[in-house]
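Reading the structure
Here are the chains, one letter per residue:
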Amino acid sequence: MLKILAICGNGMGSALVLRMGLEPALADLGVQANITCTSAGQAGSMAQFADLIILPTNLLPVVDPPDDIPSVVVTNLINREEVYERVEAVLKEHYPEELGSV
Amino acid sequence: MRTLREMLNETTILLQTSVRDWRQAVRLGGKLLVNAGAAKPEYIDAMVRCVEELGPYIVIAPGLAIPHARPEEGALKTCFSLVTLKTPVEFGNPDNDPVNVLFSFSATDKNAHIEALRQMCTLCSDEETFRKIQEAEQMEEILDLLEESKVSNRGRSTE
């Protein structure tokens, strides 16, 4: 079970949209995950407990993801293909054992 | 949970309007929420401040922004508004600018708006539908799109 942190400004707009894109992608990839949405302000303290971080490209200047936690950066948040491809690439690199586990 | 169709009406839809800049566009979206009794006037300032402080990340896809603030910043009800622009504006988001569709929202808690947000994403992620939203001149065109998507959603569920 992967712990995924979806980050946006307030944790209730873009982060929810990211989660909506992630859920079908993870289901398709056979990855079991617990996705938490949070704000940029709380991301710093919560990131250390996450296995994976997902955030919009334009939040990178505000949220600096820790180097040791794999992060997925998405530009078009409602493009299911983009979300799928980017999360798949990061999972293959960092958590290959999780793919197809469910 | 109220659907997008139940929130969007003559009070909360403003099509093909002209604005000076992104701030005025966001303010208009907020004003519609205030007019609908869904937010206090100070919510509008919070929506603008959110972009000023955190950047243009609310531009979630090419042409599409979702301005909002936090529940405690003056949200009274969960509601969405739709503003479309005759001439697109720049938010300073190099990937997704310029923007001509703004779905603004207020939410009474962090989850109250999820279903409507999901409907909005489904609508806008379909290229043809998004183009129709961008080009719509009459409110009825938007309501028809919402009805169509409701019908197709029903078709997929077991209702």
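In short, a report on the structure. The residue numbering used here restarts from 1 in each chain and proceeds along that chain's sequence as written. To label them, take the chains in the order written and letter them from A, then take the ligands in the order written and number them from 1. Note on the predicted model: pLDDT of at least 70 is required for a residue's local features to be given, and 80 or more for side-chain atom pairs to be given and counted; whole-chain, interface and lining totals, by contrast, use all residues. The side-chain numbers reported here are obtained from all heavy atoms of the structure, hydrogens and water having been left aside.

1. Some remarks on the overall build of chain A
By definition, any uninterrupted DSSP run of H or I lasting at least four residues is a helix, any uninterrupted run of E lasting at least two residues is a strand, and each is numbered from the N terminus. What chain A contains, in helices and strands, is 3 helices and 4 strands. Along its sequence from the N terminus, chain A presents helices and strands in the succession β-α-β-α-β-β-α. Radius of gyration (C-alpha) of chain A: 12 Å, near the 13 Å computed for a compact globule of 102 residues. Its C-alpha atoms give chain A principal-axis dimensions of roughly 35 × 25 × 20 Å. For every residue, the accessible area obtained with a 1.4 Å probe (protein chains only) is divided by the maximum for its type, and the residue is called buried under 20%, exposed over 50%, and partly exposed between those limits. Across the 102 residues that make up chain A, the buried fraction comes to 56%. If the 5 positive side-chain charges of chain A are averaged to one point and the 13 negative ones to another, these points end up 6 Å apart. In this treatment the radius of gyration is a C-alpha quantity, and the globule benchmark scales as 2.2 Å times the residue count to the 0.38 power. Two residue types count as positive, namely Lys and Arg, and two as negative, namely Asp and Glu; His and chain ends fall outside the count. For charged residues, the charge sits on one atom: NZ in Lys, CZ in Arg, CG in Asp, CD in Glu.

2. Some remarks on helix H2 (residues 22-35) of chain B
Residue and element names in this part refer to chain B. Taking 1.5 Å per residue, 14 residues should reach 20 Å; H2 reaches 20 Å between its end C-alpha atoms and fits that length. Inspection of H2 places Trp22, Ala25, Val26, Gly29, Gly30, Leu32 and Leu33 among the buried residues, and these make up the whole buried set. For H2, the buried positions fall inside an angular range of 150 degrees around the axis, keeping them on one side. Two residues form a contact once any of their heavy atoms are found within 4.5 Å. The secondary structure elements touched by the buried residues of H2 are strand E1 (13-17), helix H3 (41-54), strand E4 (79-89) and strand E5 (99-106). In this analysis, the expected span of each helix is defined as 1.5 Å times one less than the number of residues it contains. Note: the arc covers the axis-to-C-beta directions of the helix.

3. Here we look at the sheet that holds strand E2 (residues 33-39) of chain A
All names here are of chain A. If you trace the 4 strands from one edge of the open sheet to the other, you get E2-E1-E3-E4, paired in parallel fashion. Bordering the open sheet on either side are E2 and strand E4 (71-74), each of which pairs with just one other strand. Within this sheet the neighbouring strands show an average axis-to-axis angle of 20 degrees, counted without direction. Throughout, an axis means a line fitted to C-alpha atoms (over the contacting stretch in the case of helices), and angles, computed between N-to-C directions, take values from 0 to 180 degrees. Against the sheet, helix H2 (residues 40-47) touches strand E1 (2-8), E2 and strand E3 (52-56), its axis set at about 135 degrees to E2. Those strands touched by helix H3 (residues 80-94) are E1, E3 and E4, and its axis lies near 160 degrees from that of E4. Here a strand pair is declared whenever DSSP counts at least two bridges between the two strands.

4. Let's talk about the interface of chain A and chain B
Facing 21 residues of chain A, the contacting portion of chain B comprises 29 residues. When chain A packs against chain B, the two sides together hide about 2,100 Å² of surface, and 64% of this comes from carbon and sulfur. In this description, buried area is defined as the sum, over both parts, of the accessible area (probe of 1.4 Å) that is lost when the two are combined. Ranking the residues of chain A by area buried against chain B places Asn10(A), Met12(A) and Ile78(A) at the top, with a combined share of 34%. Counted as a polar contact is a pair of N or O atoms within 3.5 Å, where, for protein atoms, one must be capable of donating a hydrogen and the other of accepting one, and residues adjacent in sequence contribute only when both atoms are in side chains. Counting every contact that joins chain A to chain B gives 7 residue pairs in polar contact (both at pLDDT 80 or more).

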